[in-house]
Amino acid sequence: MYFVDMAIGQFTGRTALHAWELCPLLKGIGAGVLLVLVIISSYYTIIIAWTLFYLGNSFLSPLPWRTCNNRWNTDKCITDRSLQIISNETSSNETEYGRMLPINLGNASTFPVKMVTSEEEFFQRGLLEVSEGLHEIGGIPWHLAVCYLAAWVILYLCLVKGIRSSGKVVYVTAILPYVLLTVLLIRALFLPGAKEGILFYITPDLRRLGDLQVWLEAALQVFYSLCPAWGPIITLASYNKFNNNCYRDSIMLTFICEGTSIFGGFVVFAVVGFMAERTGMTISEVVSTGPGLVFMAYPEALAQLPMPNVWSVMFFLMLLSVGMDTQFSHMETIVTALLDQFPFLRKKRTIIHALVCVIWFLFGLIMCSQGGMYVFQLMDWYIGLSIPVFGFIELLIIGWIYGTERFSQDVTMMIGYGIPVVMRIAIIFVAPAALLFVFVFAFGTYEAPSYGSYKYPTYATAIGVLIGTVPLVPVVVMAYRAIKNSQGNSFVERISNACKPSVNWKPGSKKHARNYQYPELKEYKTFWSKLKVNIFGRDCNKN
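Residues numbered from 1 in each chain as written. Predicted model: local features only at pLDDT ≥ 70, side-chain atom pairs only at ≥ 80, totals over all residues. Heavy atoms only, no water.

By the naming in an unreviewed UniProt entry, the chain is Sodium-and chloride-dependent glycine transporter 2, taken from Mizuhopecten yessoensis. Turning to the chain, the UniProt annotation filed under Subcellular location (unreviewed entry) states: "Membrane". (UniProt positions renumbered as here; feature names shortened; annotations may be inferred.)

Here it is, written out as structure tokens:
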């Protein structure tokens, strides 16, 4: 899928919104993925704001999340996570953020009380000032609003000149995380318990391969880390030179990206192993997911190292770089599509970037409210519903409608050779089947979102489903328009003609666009002959 996105963007030299002229019937996926990015960008920046807040506090000594004498702390705050082990012997009443711990209050009798780590109280009460639920949006903490504003100002300054400015900044934001991750790993390897943490990480439990949920989580991880079918790859590839070897790059970048995830796992679990050793807990008890790992568990571990401020600054600087890098691609995709749609605005790129940032800032202020975490969780939970559908449609267009042999000829025009058989089989069969499985299984195992012990009400679930399915609307609307405007005496003829590339489907290179013609392949006679040519290429008929 990464290769398909990159090849289409490089071939057309156009954004995700305009690159799907090869199949007018389904070109609505361009508008759909753009809508997904608009929604994601509206809430993703709040993560950068959280990171900026932690980064700023990393310069304070002692680190504010390591003490229980701050204004946001309660009498249930503890700085030693190992105290929570006692609760396992006295009460089975647990929540995600704390367990019941028996304490003695003067002459009162002992009774279980929910104890919370200082790191959790810093995140929940010091940073978010989180409310009781979605029904209680509350006010906007000034410190979070300032960090949110700062995040958008930084993003604007980095993107003000478009790809010329973001392309330079990305050299820093893309390379710096590797440097910081390596430094953190070297330091973590010398910690007691690091070996046990890494062994826990790399020791497989083969029984889990029979758990379909594991495969679903793996697929979702690929979508979030590589961004296939989201649009950014197409847009960024449109800036490539026409003869760039996109096939080589797609394979190389896929291994680099997922290899980085694996490398990051060593850094995380080496520190988690140290934390388990320090607290006397098991590694599985220390590990948490999502914001809990990034903003509670990991800062807690770093704070126990010598010179904790140094390591905290490094960690959150790394997170800031990664977050900025991701948001660059999202915003560049949206703004470039907007400018391509309205070319007269290109001379006003600076103003357009400013307007986009201001609109998103105002819309995203709700994420800064005391109920903002519940809104964030709701949007993040459902927005990925349509992504496997878009990926399936993309592969349907390339593998079955346009045809991998036609696509291979377009690729040959760029890089000098066609698509190998293995990649063709993946495009036609393997990837679509995997995406269909992901989509069906995701719905079959659906669970309503939750945040800690808070369960979302029914109306929130309805809103979430609406958020997840709205991006599919442009696909249906534009398919209807394509059929309506298509020529033909029957409905089937109209659909058939709507599946043929429009006059706008041509190479982005002016040199190659002059003589380019839509390849009408005579081998595409029957279904089986078309399938044979798509898999093995035109040369197969000569044998």
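Asker: Describe helix 18 (residues 458-469), naming the residues involved and giving the relevant values.
Answerer: Between the first and last C-alpha of helix 18 there are 17 Å, a value that for twelve residues agrees with the 16 Å anticipated at 1.5 Å per step. Buried residues of helix 18: A460, T461, G464, I467 and G468, and no others. The buried residues of helix 18 all sit within an arc of 120 degrees when viewed along its axis, so they share a single face. Exposed side of helix 18, more than 90 degrees from the buried face: T458 and L466 are the residues found there. Residues of helix 18 that are buried in the fold lie against helix 2 (28-57) and helix 15 (372-382). (Helix = DSSP H or I, 4+ residues; strand = E, 2+ residues; numbered from the N terminus. Expected span 1.5 Å × (residues − 1). Buried < 20%, exposed > 50% of the residue type's maximum accessible area, 1.4 Å probe, protein only. Arc of directions from axis to C-beta. Contact = heavy atoms within 4.5 Å.)

Asker: Can you explain the nonpolar core? Please cite residues and give values.
Answerer: A general tendency of soluble globular proteins is for nonpolar side chains to be buried together. F3, I46, W50, F123 and F407 are the most contacted members of the largest nonpolar core, which has 143 residues in total. No other element matches helix 2, which puts 17 residues into this core. (Core = buried A, V, L, I, M, F, W, Y, C linked by side-chain atoms within 4.5 Å.)

Asker: So what about the environment of R66? Which residues, and what values?
Answerer: One can find R66 in the loop between helix 2 and strand 1 (77-78). Given a relative accessible area of 21%, R66 falls into the partly exposed group. For the pair R66 and E119, spaced 53 residues apart in sequence, the C-alpha separation works out to 6.4 Å. If near-sequence neighbours (up to four positions away) are discounted, R66 is found in contact with T79, S118, E119, E300, A303 and Q304. One polar contact links the side chain of R66 to the main-chain carbonyl oxygen of T79, over a distance of 3.3 Å. (Polar contact = N/O pair within 3.5 Å; in protein donor to acceptor, adjacent residues only side chain to side chain.)

Asker: An account of helix 19 (residues 473-485) is requested, with residue identities and associated values reported.
Answerer: Taking 1.5 Å of rise per residue, 13 residues should cover 18 Å, and helix 19 covers 19 Å from first to last C-alpha, within 8% of that figure. Of the positions making up helix 19, those classed as buried are P474, V475, A479, A482 and I483. Buried residues of helix 19, viewed axially, fall in a sector of 155 degrees; they line one side. Helix 19 presents V476, Y480, R481, K484 and N485 as exposed residues on the side facing more than 90 degrees away from its buried surface. On its buried face, helix 19 sits against helix 2, helix 16 (387-415) and helix 20 (491-498).

Asker: Please set out the state of the cysteines residue by residue, giving values where relevant.
Answerer: This model, assessed by the stated rule, comprises one disulfide. One disulfide in the model links C68 with C77; its S-S distance is 1.9 Å. The S-S bond linking C68 to C77 shows a torsion near -70 degrees; that makes this disulfide left-handed. C23 takes part in no disulfide bond, and the closest cysteine sulfur to it belongs to C499, at a distance of 4.6 Å. For C23, a relative accessible area of 0% gives the class buried. (Disulfide = S-S within 2.5 Å.)

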